[in-house]
Amino acid sequence: MTRKVVNLPLFVEEGNKELPPMYAHQEVIKEKCLKGPTAVFCEQGTGKTRGVLEALKDLGKFPILVVCPKTVIDVWVQEAKKWVGLDALAVVGSKKRRVKLLRDNFDKVPIFVINYDGLRTFTKQRRKLIKNEGNRRRVVYENDIAKDFPWRVVVADESSKLKHHTSLQSKTLHAFG
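The shown structure was predicted, so the numbers you read here are calculated from the model rather than taken from an experiment.

Caption draft 1: Representation of the packing of helix H1 (residues 24-35) against helix H2 (residues 48-59) in the model. At a closest axis distance of 8 Å, the pairing of H1 and H2 adopts a crossing angle of 40°. One element, H1, and the other, H2, form an angle in the oblique class. Pair H1 / H2 crosses with right-handed handedness. Residues Gln26, Ile29, Lys30, Cys33 and Leu34 of H1 form the contact with H2, whose participating residues are Lys48, Arg50, Gly51, Val52, Glu54, Ala55, Asp58 and Leu59.

Take a look at the structure:
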């Protein structure tokens, strides 16, 4: 089977400062997000990001943490600038580098984008002896570092990554408030 490559025109032409109007479903997403906690379930490529970003800009509650798959971190950063003119910082690299990026920029950048594995940035590890298991040791995670970053809004993109409420990622997100 041969696939034909089709080059679609860009949504916003280069140099054009005027943005196209939002689609009706993007307006609905925006309005729902402005009313409170919202779950948005739409197919890939339908413009969910723009609707959410427009709502976040209107809310004006910064800083915002966007948690998403690693493959779309750059998309969130680009879309924030493109659609609502807000700077976003990709929080990537080693745990030490991610913490430094957050500490150095927390009061300067409105949106931070991190992947689900990067949520481990907000946990620290300590060893705890469990008496019932004899002398065996078990790793226990604490969310103490999460308290250093009072996010006003947290967006979980592709929330299917949060498999269970007892997973480390879920517990870390709950630690934000």
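Caption draft 2: Representation of the environment of Leu101 in the model. Summarising the element assignment, Leu101 is placed in helix H4 (residues 95-105). Residue classification places Leu101 among the buried residues on the basis of a relative accessible area of 17%. Remark: the alpha-carbon pair of Leu101 and Ala90, spanning eleven residues in sequence, is separated by 8.9 Å.

Caption draft 3: Quick peek at the pairing of strand E3 (residues 111-115). Burial analysis of E3 places five of its five residues in the buried class, which makes it a mostly covered element. Covered by surrounding structure in E3 are Ile111, Val113 and Asn115 together with Phe112 and Ile114, the residues of both alternating faces. Inspection of the sheet shows strand E1 (residues 64-68) paired to E3 by five bridges, in the parallel sense. Counted as the bridge partner of Cys68 is Asn115 from E3. Here three bridges tie strand E2 (residues 88-90) to E3, and the two strands are oriented parallel to one another. Counted as the bridge partner of Leu89 is Phe112 from E3. In this fold, the crossover linking E2 to E3 by way of H4 has right-handed handedness.

Caption draft 4: Quick look at unusual backbone geometry. Cis geometry is found at the peptide bond from Phe62 to Pro63, where omega equals 5°. A positive phi angle is found at Glu158, which is not glycine, with a value near 55°. Examined against the element boundaries, Glu158 turns out to sit in the loop between strand E6 (153-156) and helix H5 (168-175).

Caption draft 5: Representation of the nonpolar core in the model. Formed by 20 residues in total, the largest nonpolar core has its most connected members in Trp76, Ile111, Val113 and Val155. Beyond its immediate stretch of four places on either side in the chain, Ile111 contacts Leu53, Ile64, Val66, Ala80, Leu86, Asp87, Ala88 and Leu89. Grouped together as the second largest cluster of nonpolar side chains are 19 residues, Val91, Leu101, Leu119 and Phe122 included.

Caption draft 6: Representation of the sheet that holds E2. Read from one edge to the other, the open sheet built from four strands follows the order E2-E3-E1-E6, with strand pairing classed as parallel. Of all strands in the sheet, those with a lone pairing partner are E2 and E6, marking the two edges. Across this sheet, the average inter-strand angle for adjacent strands is 20°, counted without regard to direction. Lying over the sheet, helix H3 (residues 73-84) contacts E1, E2, E3 and E6, oriented at roughly 165° with respect to E3.

Caption draft 7: Examining the environment of Leu89 more closely. Examined against the element boundaries, Leu89 turns out to sit in strand E2. In this structure the C-alpha to C-alpha distance between Leu89 and Gln78, which are eleven residues apart in sequence, comes to 9.9 Å.

Caption draft 8: Just the pattern of salt bridges, in detail. The final tally for this structure, using the stated rule, is five salt bridges. Of the charged contacts in the structure, one is a salt bridge between Lys81 and Asp87, with a shortest N-O distance of 2.9 Å. For Lys81, a relative accessible area of 47% puts it in the partly exposed group. According to the relative accessible area criterion, Asp87 is partly exposed, its value standing at 44%. Between Asp104 and Lys100 there is a salt bridge, with the nearest N and O atoms lying 2.7 Å from each other. Remark: Lys100 and Asp104 occur in helix H4; sequence separation between them is four residues, near one turn of the helix. For Lys100, a relative accessible area of 51% translates into the label exposed.

Parameters and conventions
- Residues numbered from 1 in each chain as written.
- Predicted model: local features only at pLDDT ≥ 70, side-chain atom pairs only at ≥ 80, totals over all residues.
- Heavy atoms only, no water.
- Axes fitted to C-alpha atoms, helices over the stretch in contact; angles between N-to-C directions.
- Helix = DSSP H or I, 4+ residues; strand = E, 2+ residues; numbered from the N terminus.
- Parallel < 35°, antiparallel > 145°, perpendicular 65-115°, else oblique.
- Left-handed = near helix turned anticlockwise from the far one by under 90°.
- Contact = heavy atoms within 4.5 Å.
- Buried < 20%, exposed > 50% of the residue type's maximum accessible area, 1.4 Å probe, protein only.
- Pairing = 2+ DSSP bridges.
- Right-handed = clockwise from strand over helix to strand, strands pointing away.
- Core = buried A, V, L, I, M, F, W, Y, C linked by side-chain atoms within 4.5 Å.
- Salt bridge = Lys/Arg side-chain N within 4 Å of Asp/Glu carboxyl O.

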